[in-house]
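# Topology and contacts: notes
One letter stands for each residue in the lines below.
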Amino acid sequence: MKFQGVKIAGTGSYVPEKVLTNDDLSKIVDTSDEWIVTRTGIKERHIAEDDQFTSDLSSEAALKAIASAGITVEELQLIIVATLTPDKTFPNTASLVQKKIGAVNAACFSLEAGCTGFVYGLEVGAGMIGSGLYKNILVIGAEKLSSVVDWTDRTTCVLFGDGAGAAVLTATEVENNAYLGSDLGSSGEQHDILHIPAGGCAIPFSQKVVDEKLNTLQMNGKEVFKHAVKGMSNSATKALEEANLTVDDIDWVVAHQANVRIINAVGQKLNVPSEKVYINVDRFGNTSAASVPIAFDEMIQKGLVKRGQKVLFVAFGGGLTWGANIIEY
Ligand code: UT7
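As a convention, each chain's residues are numbered from 1 in the sequence order in which they are written. For this predicted model, a pLDDT threshold of at least 70 governs which residues receive local features, and a threshold of 80 or more governs which side-chain atom pairs are given and counted, while totals over whole chains, interfaces and linings are taken from all residues. Side-chain measures here rest on the full set of heavy atoms in the structure, leaving out hydrogens and waters.

The subject of this paragraph is a negative patch on the surface. Taken together, the side chains of Glu 17, Glu 49, Asp 50 and Asp 51 make up a negatively charged region of the molecular surface. Take Glu 17: it is sitting in the loop between strand E1 (5-14) and strand E2 (19-21). Patch membership is restricted to residues that have no salt bridge and whose relative accessible area is over 30%. Joining uses 9 Å for like charges and 5 Å for the nonpolar side chains Val, Leu, Ile, Met, Phe, Trp and Tyr. Here the open area of atoms and residues is found with the Shrake-Rupley method and a 1.4 Å probe, where only the protein chains shown may cover a residue. Note on definitions: salt bridges are taken to be side-chain nitrogens of Lys or Arg within 4 Å of carboxyl oxygens of Asp or Glu. By the counting scheme adopted, Arg and Lys are positive, Glu and Asp are negative, and His together with the chain ends is not counted. The atoms used to mark charge sites are NZ of Lys, CZ of Arg, CG of Asp and CD of Glu. The helix count covers DSSP runs of H or I at least four residues long, the strand count covers runs of E at least two residues long, and both are numbered beginning at the N terminus.

Here it is in structure tokens:
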């Protein structure tokens, strides 16, 4: 083994075609476009078809990322899928993606760190390449949150959407390393302020689970909001320290797209000018582990992020978990 540098060679993203607007939602639950926009900044979100799963969304994003990285699927040595909505509890969703895209030489596993999943995935992938063990790793953040939302609960169902984003990490010379710093953390004390209570071994599926909707996402929004702002700003600050950079060195902040108020509060705490903070939560809602890679890929497609620029990813989610990575694109 010989230490290697790491870079993001390519990205891709995919959202399902079907769009659900706030007005559509106001026909299902007692809500309004005005409430949702004012409290969250969300205007619409994309919703997968019944027969379209997290592995399908992942595969679409993956193929685009592989093409943009200029490698073949056979060159992939590892696929990591970060998700809280796997196709099945077992086996892992990454193996299903492998099958769908034909990445026959890849090892596969999924990673569960809630909305922070992609940021965790980048850290794992970067560590595995940096150590010299791997050359090409595909990291995907993907969710079909519409499958775990309680569509009668207006406090949660208006927030979430489906989609996937992916990045191919490749090895480079150590002196060209583009993974500049990071920070990951968790506080299991608050694991039940944002969770899906049943479906695991603690509360296996039963009629009671279905009757009481314990298989749907449940959240204490106010508590999560507070922890989100604190968790993301602290984590970003630690990652900057580790990278020996200041916020002025950063060209773009790509924060987890949960709520525009949370993103703005984090930007203000970090003292980042608002034009450096990307926002697309208005069009996609909260896509959990997919939100950071969808936003990043969209920025690249629009020509906003250019090679050589420094980008700070920061996210927060159930666990609780939080994390930040700083890369040079
Ligand atoms: O990825 C991480 C996962 N989650 C998050 O990041 C979410 C973090 N939390 C939030 O974004 C916000 O807390 C929410 C958007 C979820 C809620 O915003 P809020 O400003 O904290 O509102 P609230 O929960 O205090 O609710 C205010 C009022 C309540 O009515 P009363 O008690 O004042 O009469 C709610 O019942 O708004 C009501 N309400 C709604 N009204 C219309 C709650 N949801 C809705 C709704 N439409 N969809």
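On to the layout of surface pockets. Put simply, the grid is 1 Å and covers the protein atoms alone, a cavity is a trapped set of points that fit a 1.4 Å probe, a pocket is an open set with protein on both sides within 12 Å along at least five of seven lines, and lining residues have an atom within 4 Å of a point. Grid points are joined across faces, edges and corners, and a volume is the space filled by probe spheres set on the points. There is about 180 Å³ of room inside the second largest pocket. Around the second largest pocket sit Thr 11, Gly 12, Ser 13, Tyr 14, Val 15, Lys 64, Ala 164, Phe 284, Ile 294, Asp 297, Glu 298 and Gln 301, which together line it. For the lining of the second largest pocket, the elements supplying multiple residues, two or more each, are E1 and helix H11 (291-301).

With that settled, the discussion passes to the side chain of Asn 325. Relative to the assigned elements, Asn 325 resides in strand E13 (residues 321-328). Classification of Asn 325 by relative accessible area gives buried; the value is 0%. Here a polar contact means two N or O atoms within 3.5 Å. Within protein one must be a hydrogen donor candidate and the other an acceptor candidate, and residues neighboring in sequence count only if both atoms are side-chain atoms. A polar contact is formed between the side chain of Asn 325 and the side chain of Tyr 179, at a distance of 3.2 Å. If near-sequence neighbours (up to four positions away) are discounted, Asn 325 is found in contact with Val 119, Leu 122, Glu 123, Tyr 179, Gly 181, Ser 182, Val 311, Leu 312 and Phe 313. Burial classes follow relative accessibility: with a 1.4 Å probe on protein chains only, a residue under 20% of its type's maximum area counts as buried, one over 50% as exposed, and anything between as partly exposed. Two residues qualify as a contact provided that any one of their heavy atoms is within 4.5 Å of a heavy atom in the partner residue.

A few words on the sheet that holds strand E7 (residues 162-172). Pairing between strands is defined by DSSP: at least two bridges between the two strands are required. In space, the five strands of this open sheet follow the order E1-E7-E6-E4-E5, with mixed pairing throughout. Each having just a single partner strand, E1 and strand E5 (107-111) make up the two edges of the open sheet. Averaged over all pairs of adjacent strands, the angle between their axes in this sheet comes to 20°, without regard to strand direction. Both E1 and E7 contribute to a ladder of nine bridges, which runs antiparallel. Within the sheet, the bridge partner assigned to Tyr 14 lies in E7 and is Ala 164. To define axes, lines are fitted to C-alpha atoms, for helices over the stretch in contact only, and angles between the resulting N-to-C directions are given on a 0 to 180 degree scale. In this fold helix H5 (residues 117-130) packs onto E1, strand E4 (78-82), E5, strand E6 (136-144) and E7, with an angle of close to 170° to the strand it touches most, E6.

A few words now on the site of the ligand. If you check the shell around the ligand, you find 22 residues, and the closest are Thr 31, Lys 222, His 256, Asn 259 and Asn 286. Between the ligand and the protein, one listed contact pairs a nitrogen atom with a backbone N or O atom of Gly 221 at 3.0 Å. In this structure, Lys 222 approaches the ligand through a side-chain N or O atom, which is 2.6 Å from an oxygen atom. Here the ligand has 960 Å² of accessible area as a free molecule, and 74% of this is covered by the chains. Looking at the shell around the ligand, the elements with two or more residues in it are helix H2 (33-40), helix H6 (154-157), helix H8 (221-243) and helix H9 (260-270). Per-element tally for the shell around the ligand: the top contributor is H8, with four residues. For the shell around the ligand, the class distribution of residues is ten nonpolar, seven polar and five charged. The residues that make up the shell around the ligand include at least three from each of domain 1 (5-176) and domain 2 (179-328). For this purpose, a residue is taken to be near a molecule or strand whenever a single non-hydrogen atom of the residue falls within 4 Å of it. In the scheme used here, Gly and all other residues not listed as nonpolar or charged are polar, with Ala, Val, Leu, Ile, Met, Phe, Trp, Tyr, Cys and Pro taken as nonpolar and Asp, Glu, Lys and Arg as charged. Domain segmentation is taken from an automatic or database assignment of domains.

Another aspect to go through is empty space enclosed by the protein. On inspection of all chains with the given rule, the structure shows one cavity of 30 Å³ or more. Space inside the largest cavity adds up to approximately 50 Å³. Considering the residues around the largest cavity, the lining is formed by Val 6, Lys 7, Ile 8, Leu 122, Ala 126, Leu 169, Ala 178, Tyr 179, Ile 327 and Glu 328. For the lining of the largest cavity, a count of residues per class yields eight nonpolar, no polar and two charged. Counting the residues that make up the lining of the largest cavity, at least three belong to each of domain 1 (5-176) and domain 2 (179-328).

Let us look at the domain arrangement of the chain. On domain assignment, one finds that the chain holds domain 1 (5-176) and domain 2 (179-328). For domain 1 and domain 2, the distance between their C-alpha centroids amounts to 13 Å. Across the contact, 49 residues belong to domain 1 and 45 residues belong to domain 2. Two parts placed together each lose some accessible area under a 1.4 Å probe, and the buried area is that loss summed for both. Across the interface of domain 1 and domain 2, roughly 3700 Å² is buried in total on both sides, 61% from carbon and sulfur atoms. Looking at the side of domain 1 facing domain 2, the largest losses of area belong to Cys 115, Val 119 and Glu 123, adding up to 17% of the total buried there. Here domain 1 is connected to domain 2 by one salt bridge. Between Lys 213 and Asp 150 there is a salt bridge, with the nearest N and O atoms lying 3.5 Å from each other. The interface formed by domain 1 and domain 2 contains 24 residue pairs in polar contact (both at pLDDT 80 or more). Of all the secondary structure elements, the ones that give two or more residues to the side of domain 1 that touches domain 2 are E1, H2, strand E3 (44-46), H5, E6, H6 and E7.

Looking now at the packing of H8 against H9. Between H8 and H9, the shortest axis-to-axis distance is 9 Å and the interhelical angle comes to 40°. It follows that H8 is oblique to H9 by the angle criterion. With respect to the hand of their crossing, H8 and H9 are arranged in right-handed fashion. Between H8 and H9, the residues in contact are Phe 225, Ala 228, Val 229, Met 232, Ser 233, Ala 236 and Thr 237 and Arg 261, Ile 262, Ala 265, Val 266, Lys 269 and Leu 270, respectively. Of the residues assigned to the contact of H8 with H9, the class counts are nine nonpolar, two polar and two charged. Under this scheme an angle from 65 to 115 degrees is roughly perpendicular, one under 35 degrees roughly parallel, and one over 145 degrees roughly antiparallel; angles in between are oblique. Should the near helix be turned counterclockwise from the far one by less than a right angle, the crossing is left-handed, whereas a clockwise turn marks it as right-handed.

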